[in-house]
Amino acid sequence: MPRISRISRISRTSQTTTRTQRTRAEATPTPTRSTTSAPEPLKNHRVAVLSASKSAVYPIVELDKPIGTYMTLPASQYSVLDAQRIERIDETSFKCYVGGISFLNFRVEPVLTLSVIVGERGPTVRLLETTLEGSKAAIEANSKFTATMTNEVAWRDGRESRGIDVDGLCIASDTSLTVTLQVPRWFVVPVSVVESSGSKIMQKILDVSVPKFLSQLNTDYAKWCAGDVRDTMDDG
């Protein structure tokens, strides 16, 4: 009998230990690995990610009306988007027909859907959708890429802001652009080369377009102050 009693105690102890280990294992979260996956339409393909960013400031002279008032106008009251035609979707969204451009030996006609949300110091422009029109090849390319863009615009006082090499008032832009595209398997160029070359092309575009955008914004501010007729997005 004593021997049977010891075996019983050992068995109960073993069961208790097993239950304790199982409980600890369930309570301890399993480590997960952070992964970045391609957008759904591009999965199971060779994918290249092109990226570029640009920050710029443009000194301004405040005129009869405060720059702060101009920078917080409703989105439809700006006249700074380069487009052949602009269609207003709602109070904060617009469709811009850019016109024909050449990119990687293709002629395409991008149509951009943008949101413009006005904050305390200026608007934030986000790219909601890009659709390519034009040739059959351009239309077929719509399922082979995605694009995201954010442009945060604000007026600042260089005397109060660190990191700005301007003594007085200025308008600033922080822009980032990312394009994810499918690389055909027959395309012998490595994905890394496509990413490097494509990113350099996009960087050159931003290096020119962002300062130009700020210059246009300054010109539009002057026209607004003077009461001149402006081709605003409300007129599209």
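Calculation rules
- Residues numbered from 1 in each chain as written.
- Predicted model: local features only at pLDDT ≥ 70, side-chain atom pairs only at ≥ 80, totals over all residues.
- Heavy atoms only, no water.
- Helix = DSSP H or I, 4+ residues; strand = E, 2+ residues; numbered from the N terminus.
- Buried < 20%, exposed > 50% of the residue type's maximum accessible area, 1.4 Å probe, protein only.
- Contact = heavy atoms within 4.5 Å.
- Core = buried A, V, L, I, M, F, W, Y, C linked by side-chain atoms within 4.5 Å.
- Pairing = 2+ DSSP bridges.
- Phe/Tyr/Trp six-rings, centres within 6.5 Å; stacked < 30°, edge-to-face > 60°.
- Lys NZ or Arg CZ within 6 Å of the ring centre and 35° of its normal.
- Salt bridge = Lys/Arg side-chain N within 4 Å of Asp/Glu carboxyl O.

*Asks:* Break down the overall build of the chain for me, with residues and values.
*Replies:* A tally of regular secondary structure across the chain gives 4 helices and 8 strands. In sequence order, the secondary structure elements of the chain are arranged as α-β-α-β-β-β-β-β-α-β-β-α. Burial analysis of the chain (236 residues in total) assigns 32% to the buried set. The long-range fraction of contacts in the chain, counting pairs at least 24 apart against all pairs at least 6 apart in sequence, stands at 63%.

*Asks:* I'd like a description of the side chain of Thr113, backed by residues and values.
*Replies:* Tracing the backbone shows Thr113 in strand β5 (residues 106-118). Judged by relative accessible area, which is 11%, Thr113 ranks as buried. Those residues in contact with Thr113 that sit more than four places away from it in its chain are Ile89, Phe94, Lys95, Arg126, Leu127, Leu128 and Glu129.

*Asks:* Go over the nonpolar core, please, and point to the residues and values.
*Replies:* Counting 42 residues, the largest nonpolar core has Ile67, Tyr70, Met71, Ile171, Val179, Leu181 and Leu217 as the members making the most contacts within it. Every element with two or more residues in this core is listed here: β1 (46-59), α2 (67-71), β3 (93-97), β5, β6 (123-134), β7 (145-157), β8 (169-183) and α4 (191-226). The element contributing the most residues to this core is α4, with 10 residues. In this structure, Val179 is in contact with Ala48, Val49, Leu50, Phe145, Thr146, Ala147 and Met202, ignoring residues within four places of it in sequence.

*Asks:* An account of the pairing of β3 is requested, with residue identities and associated values reported.
*Replies:* Burial of β3 is extensive: 4 of the 5 residues sit out of reach of the surface. When strand β2 (residues 85-88) meets β3, the two strands line up antiparallel, connected through 4 bridges. When the bridges of β3 are listed, Arg85 appears paired with Tyr97. Counting the residues in the hairpin turn of β2 and β3 gives 4 residues.

*Asks:* So what's going on with the packing of aromatic side chains? Residues and values would help.
*Replies:* Throughout the structure, instances matching the rule amount to 4 aromatic pairs. Relative to Trp224, the ring of Tyr70 has its centre 5.5 Å away and its plane inclined at 45 degrees; by these criteria the two rings are tilted. A residue pair is termed long-range when its members are at least 10 positions apart, and Tyr70 in helix α2 and Trp224 in helix α4 qualify at 154 residues. Per residue, the accessibility class of Tyr70 equals that of Trp224, and both read buried. On the numbers, 5.9 Å between centres and 90 degrees between planes, the contact of Trp186 with Phe187 is edge-to-face. Accessibility expressed as a relative area gives 33% for Phe187, which makes it partly exposed. The aromatic ring of Trp224 is capped on one face by Lys65, whose charged end is 4.8 Å from the ring centroid. Sitting above the plane of the Trp155 ring, Arg121 keeps its charged end 4.1 Å from the centroid.

*Asks:* Account for the pattern of salt bridges, with residues named and values stated.
*Replies:* Counted by the stated rule, this structure contains 3 salt bridges. Linking Lys54 and Asp207 is a salt bridge whose minimum nitrogen-to-oxygen distance equals 3.9 Å. Taken together, the residues Lys54 in strand β1 and Asp207 in helix α4 connect sequence positions 153 residues apart. Given a relative accessible area of 34%, Asp207 falls into the partly exposed group. Its salt-bridge partner being Arg88, residue Glu91 comes within 2.7 Å of it at the nearest N-O pair. Take Arg88: its relative accessible area is 31%, and that puts it in the partly exposed class.

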